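Notes for the structure review
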Amino acid sequence: MKYKTIFFIFSLFFLIPSAYFLINHGLKPALDFTGGTILEISIKPKNDQAITSDSLERVIKDTVNLNHIQQIDDFTFLIKAQQFSQKTNQALKQDIENELGQLQEKRFETVGPTMGKELIKKTLISVLIAAGFIMIFVTSRFKDKKYGICAILAMLHDTFIIIGVFSYLGVTKGIEVDALFVTALLTILSFSVHDTIVVYDRIREAGKLFPKLSYTDLVNKAVTETLGRSINNSLTIIFMLLALYLLGGETTKWFVFALLIGTISGTYSSTFTAAPLLVLWEDRGRSLHSVK
């Protein structure tokens with residue numbers, strides 16, 4: 001743990017840019033949060049002509065207030081626009097068939113603004129409830145509040161990095177956050193704390209077996225013993241997520257990417273953030289005690 005300052009600086013290298021983008025740009029919310037209409041269609045083009053997002057946009061831009069067109073494959077498109085009616089949808093599909101080719105509707109969904117605001121509220125409440133229960137559980141299991149607080153700080157470290165990355169992607173690539181992003185965020189909360197508890201449990205066991213060791217030596221021993229296990233466990237998840245990201249569908253691409261970033265960050269924070277925070281807390285407590 002003599003390198004804990006370097007670990008904290010490395011974390012700041014990601015946390016500071018994340019804070020910058022969040023403060024200046026925030027996140028780009030999808031229709032799940034703002035309300036609107038999603039139309040997924042498959043087009044069989046006339047005369048085997050190539051269809052692109054730009055050619056589709058030229059056809060429909062005067063009919064609906066368009067937000068974004070996502071091309072899923074050569075013939076399938078996801079149209080996101082401000083809320084429009086089923087009557088407008090029929091007119092829209094007719095325009096597309098007249099200009100581009102035979103059309104098949106795969107999905108038509110409308111989300112009202114009220115529902116979007118309710119989802120944001122429930123998301124924030126879910127994160128707060130999850131963090132609260134995790135802190136209470138870890139504190140009660142280890143009989144010390146510093147374990148619960150440090151576990152939550154490490155968890156927030158991972159959450160903040162994921163949100164910062166998507167804030168950056170929203171600015172540079174127009175990537176939106178939706179309900180799947182919320183799912184990924186809550187999943188990473190549990191993964192991050194899971195690895196942290198493994199390290200903390202090894203610290204507690206080492207304290208019983210080696211009562212004469214200093215707290216810093218106990219933490220070092222626990223980290224050394226669990227590091228290989230944490231890396232091997234995380235690599236199996238990372239390889240699977242990489243395969244899904246590279247070969248999976250467009251609709252789940254950024255959901256998988258969020259999980260991938262969270263897994264890497266969680267593996268790092270459980271060892272190089274959560275454990276050093278304990279040592280820092282213990283050193284600070286010892287310093288305050290000696291002053292008194």
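Residues numbered from 1 in each chain as written. Predicted model: local features only at pLDDT ≥ 70, side-chain atom pairs only at ≥ 80, totals over all residues. Heavy atoms only, no water.

Some points on the overall build of the protein
Across its full length, the protein carries ten helices and four strands. Scanning the protein from its N terminus toward the C terminus, one meets helices and strands in the order α-α-β-α-β-β-α-β-α-α-α-α-α-α. For 292 residues, the compact-globule estimate of 2.2 N^0.38 gives 19 Å, and the protein exceeds it by more than 25% at 24 Å. Here the C-alpha coordinates of the protein stretch approximately 80 × 35 × 30 Å along the principal axes. Within the span of the protein, comprising 292 residues, buried residues form 41% of the whole. Within the protein, counting contacts between residues at least 6 apart in sequence, those at least 24 apart form 77% of the total. Total accessible area on the protein is roughly 16000 Å²; 61% of this is exposed by carbon and sulfur atoms. (Helix = DSSP H or I, 4+ residues; strand = E, 2+ residues; numbered from the N terminus. Rg over C-alpha atoms; globule rule 2.2 N^0.38 Å. Buried < 20%, exposed > 50% of the residue type's maximum accessible area, 1.4 Å probe, protein only. Contact = heavy atoms within 4.5 Å. Areas by Shrake-Rupley, 256 points an atom, 1.4 Å probe, with all protein chains shown as cover.)

Focus: the sheet that holds strand β1 (residues 36-45)
Strand-to-strand pairing in sheets goes through backbone hydrogen bonds, with the strands running parallel or antiparallel. Here we have four strands laid out as an open sheet, ordered β2-β3-β1-β4, and antiparallel in their pairing. Either end of the sheet is taken by a strand with one partner, and the two such strands are β2 (66-71) and β4 (101-111). Going from strand to strand, the sheet's axes swing by 20° on average, the running direction of each strand aside. Direction of pairing for β1 relative to strand β3 (residues 76-81): antiparallel, over a ladder of six bridges. Its bridge partner lying in β3, Leu-39 is registered against Ile-79. In the packing of helix α3 (residues 53-60) onto the sheet, the strands contacted are β1, β2 and β3, and the crossing angle to β2 comes to about 145°. Packing against the sheet, helix α4 (residues 86-99) makes contact with β1, β3 and β4, and its axis sits at approximately 155° to β4. (Pairing = 2+ DSSP bridges. Axes fitted to C-alpha atoms, helices over the stretch in contact; angles between N-to-C directions.)

Some details on the packing of helix α1 (residues 4-24) against helix α6 (residues 145-172)
Two elements in contact, α1 and α6, have axes separated by 8 Å at closest approach and are oriented at 50°. Considering the angle they form, α1 stands oblique to α6. As α1 packs across α6, the resulting crossing turns out to be left-handed. Contacts from Ser-11, Phe-14, Leu-15, Ser-18, Ala-19, Phe-21 and Leu-22 of α1 reach α6 at His-157, Phe-160, Ile-161, Ile-163, Gly-164, Val-165, Ser-167, Tyr-168 and Val-171. Partitioning the contact of α1 with α6 into residue classes produces eleven nonpolar, five polar and no charged. (Parallel < 35°, antiparallel > 145°, perpendicular 65-115°, else oblique. Left-handed = near helix turned anticlockwise from the far one by under 90°. Nonpolar A, V, L, I, M, F, W, Y, C, P; charged D, E, K, R; others polar.)

Description of the packing of aromatic side chains
For the structure shown, the criterion picks out 16 aromatic pairs. Where Phe-10 meets Tyr-268, the ring centres are 5.3 Å apart and the plane angle is 50°; that geometry is what we call tilted. With Phe-10 in helix α1 and Tyr-268 in helix α9 (residues 253-272), this pair connects stretches of sequence that are 258 residues apart. In this structure Tyr-268 comes out as buried when scored by relative accessible area, which is 18%. With a centroid separation of 5.2 Å and an interplanar angle of 80°, the aromatic rings of Phe-21 and Tyr-168 are classed as edge-to-face. Placement of Phe-21 in helix α1 and of Tyr-168 in helix α6 is noted, with a sequence separation of 147 residues between them. Residue Tyr-168 is classed as partly exposed on the basis of its relative accessible area, which comes to 41%. Linked through ring pairs, Phe-7, Phe-10, Phe-13, Phe-14, Tyr-268 and Phe-272 together constitute an aromatic cluster. (Phe/Tyr/Trp six-rings, centres within 6.5 Å; stacked < 30°, edge-to-face > 60°.)

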